[in-house]
Amino acid sequence: MKKYDVIIVGAGIAGLTAAIYVSRAGKSVLVLESTMQGGQIINTINIENWPGDFKVSGAELSQKIYKQAEELGAEIEFDDVTGIEKIAEGFKVVTEDGEYIAGAVILAVGAEPRKLSEKQTKDAGKRPISYCATCDGALYKGKPVVVVGSGNTAKHEMEYLQNIASKVYHIHHDDPIPEDAEAVFVAIGRVPATGNFADLVDLDEHGYVIAGEDCKTSTPGVFVAGDCRTKEIRQLVTAAADGAVAAMEACRYLG
Ligand SMILES: Cc1cc2nc3c(=O)[nH]c(=O)nc-3n(C[C@H](O)[C@H](O)[C@H](O)COP(=O)(O)OP(=O)(O)OC[C@H]3O[C@@H](n4cnc5c(N)ncnc54)[C@H](O)[C@@H]3O)c2cc1C
């Protein structure tokens, strides 16, 4: 089993920033990412509130930070982390494709879209369910679609689809899905992606990893950064700040 000083789970802004700090501290670091680098902002055309980059897309910003981490020596693998276990040498990190050992771990798994209710999933039947109009909207050109959700994201998804689809229905969580809609676009919020780590660290009632500004979890040697942590403001700058803190604390833990 390959061994690293620090393994970071998630290559969003929190995880990639943590990778930069761990690499610069001279420790070996592996970042494991289940889909692609960038996390939630990957399809965002204009990033707001990121100091120093007035007009930048999410893809550009995350690519720059990814490259920076890689050039500093961070290894990045695309693999889903399915569990983490405390062992004598530190932690065994289990992925879909293998196993690794780490002296310390940083959870930077962010948040994922909240799924449709059981009732609406059943109602949708075989019709495609999408969580991103920008990614999948073009597939339904001239066809009727439905957007589920009541917040700002649902409003933006509707505006985007109105230029593509023949009709855009708007329904709320648990309303019946119109029969003629050919695809279901879901925008009902996000939940922390912490399900695989419930046995490793304490989570609050919503699934966020409980930790303060020092990013230390209930398990010594496991740190948390970004949107999956209990905190007030979930933004790119706060995710990056957590990444820096979690990395420095992980290095201090290793000594
Ligand atoms: C549409 C949208 C637009 C936004 N726009 C802005 C903006 O303009 N400005 C701003 O400041 N904030 C914005 N935000 C908020 C911002 O995106 C988040 O605060 C930030 O992305 C959090 O970063 P993160 O690294 O904590 O988590 P995420 O970005 O969620 O990254 C987590 C990563 O971990 C990976 N992962 C999860 N589970 C596993 C696992 N088991 N194994 C391996 N990898 C895993 C995920 O695939 C993901 O890549 C936006 C959010 C959304 C949804």
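Here the residue index of a chain counts from 1 through its sequence in written order. Reporting of local features is limited, given that this is a predicted model, to residues whose pLDDT is at least 70; pairs of side-chain atoms are given and counted only at 80 or more, and all residues count toward the totals for whole chains, interfaces and linings. Calculated side-chain values reflect all of the structure's heavy atoms, with hydrogen atoms and water omitted.

### Points about the environment of Ala 246
Working step 1: Per the convention used, a helix needs a DSSP run of H or I reaching at least four residues, while a strand needs a run of E reaching at least two, with both numbered from the N terminus. The residue Ala 246 is located in helix 6 (residues 236-254) in this model.
Working step 2: Taking the C-alpha atoms as reference points, Ala 246 and His 172, separated by 74 residues in sequence, lie 38 Å from one another.

### Quick notes on a negative patch on the surface
Working step 1: Think of a patch as exposed residues, more than 30% relative accessible area, with no salt bridge, where like charges cluster within 9 Å and nonpolar side chains (Val, Leu, Ile, Met, Phe, Trp, Tyr) cluster within 5 Å. Only the protein chains shown count as cover for residues, and the accessible areas themselves come from Shrake-Rupley with a 1.4 Å probe. Salt bridges are defined as contacts in which a side-chain nitrogen from Lys or Arg sits within 4 Å of a carboxyl oxygen from Asp or Glu. Asp and Glu count as negative and Lys and Arg as positive, but His and the ends of the chain are not part of the count. The atoms used to mark charge sites are NZ of Lys, CZ of Arg, CG of Asp and CD of Glu. A contiguous patch of negative charge on the surface is contributed by Asp 123, Glu 179, Asp 180 and Glu 182.
Working step 2: Inspection of the secondary structure assignment puts Glu 179 in the loop between strand 10 (167-171) and strand 11 (183-186).

### Details of helix 5 (residues 152-162)
Working step 1: For helix 5, every residue scored as buried is listed here: Ala 154, Glu 157, Met 158 and Leu 161. Along the axis of helix 5, the buried positions cluster into a sector of 100°, meaning they face one direction only.
Working step 2: We call two residues in contact whenever any of their non-hydrogen atoms come within 4.5 Å of each other. As for helix 5, its buried residues are in contact with helix 4 (133-136), strand 9 (144-148), strand 10 and strand 11. Three exposure classes are used, based on accessible area relative to the maximum for each residue type with a 1.4 Å probe and protein chains only: buried under 20%, partly exposed in between, and exposed over 50%. This arc is built from the directions going out from the helix axis to the C-beta atoms.

### Looking at the nonpolar core
For soluble globular proteins, the rule of thumb is that nonpolar side chains tend to be buried together.
Working step 1: Nonpolar cores are built from buried Ala, Val, Leu, Ile, Met, Phe, Trp, Tyr and Cys residues. Side-chain atoms within 4.5 Å join them into one set. Counting residues in each nonpolar core, the largest one holds 35 residues, and the members touching the most others are Ile 8, Trp 50, Leu 61 and Ile 106.
Working step 2: Every element with two or more residues in this core is listed here: strand 1 (2-9), helix 1 (13-24), strand 2 (29-33), helix 2 (58-71), strand 6 (99-107) and helix 6.

### A look at the site of the ligand
Working step 1: Residues are labelled near a given molecule or strand when at least one of their non-hydrogen atoms is within 4 Å of it. Surveying the vicinity of the ligand reveals 32 residues, the closest of which are Glu 33, Gln 40, Glu 48, Asp 227 and Leu 236.
Working step 2: Contacts described as polar in this section are N or O atom pairs within 3.5 Å, which, within protein, must combine one atom able to donate a hydrogen with one able to accept it, while residues neighboring in sequence count only if both atoms come from side chains. Within the backbone of Ala 14, a nitrogen or oxygen atom sits 2.9 Å from an oxygen atom of the ligand.
Working step 3: A distance of 3.3 Å separates an oxygen atom of the ligand from a polar backbone atom of Ala 111.
Working step 4: Considered on its own, the ligand offers 1000 Å² of accessible surface; in the complex 85% of this is hidden by protein.
Working step 5: Of all the elements in the fold, those that place two or more residues in the shell around the ligand are helix 1, strand 2 and helix 6.

### Focus: the packing of aromatic side chains
Working step 1: For Phe, Tyr and Trp, where Trp contributes only its six-membered ring, two rings pair if their centres lie within 6.5 Å, and the inter-plane angle classes them as stacked under 30 degrees, edge-to-face over 60, or tilted in between. In the structure shown here, the tally under the stated rule is three aromatic pairs.
Working step 2: With a centroid separation of 6.0 Å and 85° between ring planes, the pair formed by Tyr 140 and Phe 185 is classed as edge-to-face. Of this pair, Tyr 140 sits in the loop between helix 4 and strand 9 while Phe 185 sits in strand 11, and the two are 45 residues apart along the sequence.
Working step 3: Tyr 140 sits in the buried class, given a relative accessible area of 12%.
Working step 4: Ring geometry for Phe 223 against Tyr 253: centres 6.1 Å apart, planes inclined by 70°, an arrangement best described as edge-to-face. Of this pair, Phe 223 sits in strand 13 (residues 222-224) while Tyr 253 sits in helix 6, and the two are 30 residues apart along the sequence.
Working step 5: In this structure Phe 223 comes out as buried when scored by relative accessible area, which is 3%.

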